[in-house]
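# Remarks on the overall topology
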2 protein chains.
Amino acid sequence: MPTLSDVAQRAGVTTATVSNVIRGKGSVGPATAERVRAIIADIGYRPNLTARALAEGRAPTLALLVSSIANPFYPEFARAAEQAARREGHFLLVCHTETDADIGLAYLDRVSSGLSEGVLAMAGNLRPQDLVAVADRGVPVVLVMWEQTREALPMHSLTVDFHTAGRLAAEHLLALGHRSIGLVSAKTAEGCLVHVQRHCGFLATLAEAGVSLPDTSIEYDRDTIGGGFRAALDLLSRANGLTAVFATNDLLAIGAMQAAAALGRRVPQDLSVMGVTDIELAAQMRPALTTVAIGTVAVAESSIRLLLDKIRLGSVHNEQYSTPPPVLIRRGSTAPPPR
Amino acid sequence: MPTLSDVAQRAGVTTATVSNVIRGKGSVGPATAERVRAIIADIGYRPNLTARALAEGRAPTLALLVSSIANPFYPEFARAAEQAARREGHFLLVCHTETDADIGLAYLDRVSSGLSEGVLAMAGNLRPQDLVAVADRGVPVVLVMWEQTREALPMHSLTVDFHTAGRLAAEHLLALGHRSIGLVSAKTAEGCLVHVQRHCGFLATLAEAGVSLPDTSIEYDRDTIGGGFRAALDLLSRANGLTAVFATNDLLAIGAMQAAAALGRRVPQDLSVMGVTDIELAAQMRPALTTVAIGTVAVAESSIRLLLDKIRLGSVHNEQYSTPPPVLIRRGSTAPPPR
DNA sequence: TTGTAAGCGTTATCAT
DNA sequence: ATGATAACGCTTACAA
């Protein structure tokens, strides 16, 4: 591959001049510029981005750490983030940490040591101390959508008001007239709640309305369609007269709809089902899934802006990077209870 | 951020020695090694990967170019590819070219100029001449799953036998006794067939069995659930006595199942539906989707191996990197025709 | 075992 | 308008 100085030699100038014509900086005579450009095209020269990154002290890349890409929410987020990043002239390195905190650390380590200019951490399995270590090293880090309650980390973060999301779901179901409601939620292998805030927001709102949920109306499983299927199957098999099921995630809700079908219960006539997030699949189900949208695209864009501003401006004020309020999306999977 | 020479100074040695202890190369006295390690830990030194890449002449990254991540197949492929790459000590830079060939070119340009050591091109929208230009520049490029018929490009590629996939689907449907079959396929905006080979394999096999498909039994739309829904709705509304629908993709097939439901036709009792690919969602549908699996994970792993070998060995023989033969996955969405 | 020093391909600061 | 040349942070012969 030809280098800058190959071009310079052929053009009878120095690398500085060639560099200038390439980036439109400094001042070069129109004649030389033309000659240089011709040679570049002729020998097919392309700047080496690694060398440029080293010289400039920064790479045109941002890293996004996500845990499992198996959840369709992540691709949707990543896509929006990538488009936003690209608009700002940056690559987005998507790193899948799976469920292993050590893989996460390995990525964090490499990514924060020159491969990227900043880190967007969405993977819930990252260890706080690892994140802090990286941030302390001067690497811009932004946390996105960390729902689990944990010690407040000393770095910028963008959070979604999931508590309100849970509340909106409860209000919708209550308004339709449901009083006997099941809850399908997700727990990790270690038993910790994955969707705490929506979970709590939902229960709190029901309680305010005088509706209480017995433990037998709550079921946990993995945050997948299959998990929702199993959980809802258990719930609905208990003959507890449930007229509605709220799942803390769309994936779980889709599984719940399938469980209803498997038991011969029609949605929404016999049973209402709703979720949270509004992934693309939600609108494509039959019936289409009623859900609470959290504004995935807007959140992704804000998080990129926040990270980029943090990189360019150093410290920034968190307040300008707000997240849209959750909004109820009424579709076909909810209706008044039967009778 | 501390650098190699910061460490060297504090340890009273030179950068060469520090570099050696870090990479376990050369030979350093156990005492110095220990001292250096302590200092590294103490000041939190992390090697700058950009500088290392420049010095070594290669980056520990591979790039994967995909068109639209909206199709759940891509995340599944990317995930498998990433895991394979990671096992080999490489990052995988996932680049979404969307549908724009110019975005694809921009990525190709940057990625092939130092940001990555090789390119895995899956995006069907990449211009052949752009690919050739990059390959000519000496960048290892591997093509994966290019189904559309196009001029054979002078570079390694890994193809899946989609023709057989189409054949398997036809054989399955014929064996069940179906004779009146509909075909749902995908076309781009410019009208060119996206899934040519499966399409042809399917039709050829039907023809051999003496079953012909009138044009009115074929419908095209975008390669999405919604597209499959629309196409199948049109097809089924024509009252042409169809007992089965073959979709050239699982996404389309899922849409077709929903269309059947919308028309009150039960799957598989009234109508059989099947697809191709075996995306994760296929097994999660109710009924679960019968499909032809193409071995996504195996293909992803082979493509990474092929690319890595090409990088390490220079030229390689294509034959060792085969793709598994497509296999029929019988599930609940197909059954003998009614009556 | 350790040090010296020449790259790697850019950018950027001075001179000229 | 152009040229020298010193960074950037690391690797890697080769020398000591």
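Residues numbered from 1 in each chain as written. Chains lettered and ligands numbered in written order. Predicted model: local features only at pLDDT ≥ 70, side-chain atom pairs only at ≥ 80, totals over all residues. Heavy atoms only, no water.

### Let's talk about the protein's contact with DNA strand D
As a matter of local geometry, DNA strand D sits amid 24 residues, with Ser27(A), Gly29(A), Leu4(B), Tyr45(B) and Arg52(B) nearest to it. Within 4 Å of the protein, atoms of DNA strand D come from sugar and phosphate in 75% of cases. One nitrogen or oxygen atom from the side chain of Arg23(B) is found 2.7 Å from a phosphate oxygen belonging to DNA strand D. One nitrogen or oxygen atom from the main chain of Asn48(B) is found 3.1 Å from a phosphate oxygen belonging to DNA strand D. Going through the elements one at a time, helix H2 (15–23) and helix H4 (49–56) of chain A together with helix H2 (15–23) and helix H4 (49–56) of chain B are the ones with two or more residues in the surface near DNA strand D. Class assignment for the residues of the surface near DNA strand D results in 11 nonpolar, 10 polar and 3 charged. (Near = heavy atom within 4 Å. Polar contact = N/O pair within 3.5 Å; in protein donor to acceptor, adjacent residues only side chain to side chain. Helix = DSSP H or I, 4+ residues; strand = E, 2+ residues; numbered from the N terminus. Nonpolar A, V, L, I, M, F, W, Y, C, P; charged D, E, K, R; others polar.)

### Some words on the domain arrangement of chain A
Residues and elements named next belong to chain A. As far as domains go, chain A holds domain 1 (4–47), domain 2 (60–161 + 296–325) and domain 3 (162–294). The straight-line distance from the C-alpha centre of domain 2 to that of domain 3 is 29 Å. Counting from both sides, the interface comprises 14 residues of domain 2 and, opposite them, 19 residues of domain 3. Roughly 1,400 Å² is buried in total at the junction of domain 2 and domain 3, and carbon and sulfur atoms are behind 49% of that figure. Linking domain 2 with domain 3 are 0 salt bridges. (Domains from an automatic or database assignment. Contact = heavy atoms within 4.5 Å. Buried area = accessible area lost by both parts, 1.4 Å probe. Salt bridge = Lys/Arg side-chain N within 4 Å of Asp/Glu carboxyl O.)

### Some words on the relation of the copies chain A and chain B
Note on the copies: chain A fits chain B at an RMSD of 0.1 Å, the axial shift is 0.1 Å, and the rotation between them is 180°. Put plainly, the chains are arranged around a two-fold axis. When C-alpha positions in chain A are compared against the rotation axis, the closest is assigned to Leu93(A), at 2.5 Å. (Least-squares fit on C-alpha atoms with pLDDT ≥ 70 in both.)

### Focus on the packing of aromatic side chains
Tallied over the full model, the rule gives 8 aromatic pairs over all chains. Ring plane angle 45° and centroid distance 6.1 Å describe the contact between Phe73(B) and Phe77(B), whose orientation is recorded as tilted. Pair noted here: Phe73(B) and Phe77(B) are both in helix H5 (residues 73–87), with a separation of 4 residues, about one helical turn. Comparing Phe73(B) with Phe77(B) shows no difference in burial state: the two are buried. Every member of this aromatic cluster is reached through a ring pair, and the members are Phe73(A), Tyr74(A) and Phe77(A). Directly above the ring of Tyr220(A) sits Lys187(A), whose terminal nitrogen or CZ lies 4.1 Å from the centroid. A cation over an aromatic ring shows up here: Arg198(A) above the ring of Phe162(A), its NZ or CZ 4.1 Å from the ring centre. (Phe/Tyr/Trp six-rings, centres within 6.5 Å; stacked < 30°, edge-to-face > 60°. Buried < 20%, exposed > 50% of the residue type's maximum accessible area, 1.4 Å probe, protein only. Lys NZ or Arg CZ within 6 Å of the ring centre and 35° of its normal.)

### Examining the protein's contact with DNA strand C
What surrounds DNA strand C is a group of 24 residues, the closest being Leu4(A), Ser19(A), Arg52(A), Ser27(B) and Gly29(B). Across the atoms of DNA strand C situated within 4 Å of the protein, the share located in sugar and phosphate is 74%. Here Thr17(B) contributes a side-chain N or O atom positioned 3.1 Å from a phosphate oxygen of DNA strand C. In this structure, a phosphate oxygen belonging to DNA strand C sits 2.8 Å away from a side-chain N or O atom of Ser27(B). Where the surface near DNA strand C is concerned, the elements lending two or more residues are H2 and H4 of chain A together with H2 and H4 of chain B. When residues of the surface near DNA strand C are assigned to their parent elements, the largest contribution, 4 residues, is made by H4(A). Residue composition of the surface near DNA strand C, by class: 11 nonpolar, 9 polar and 4 charged.

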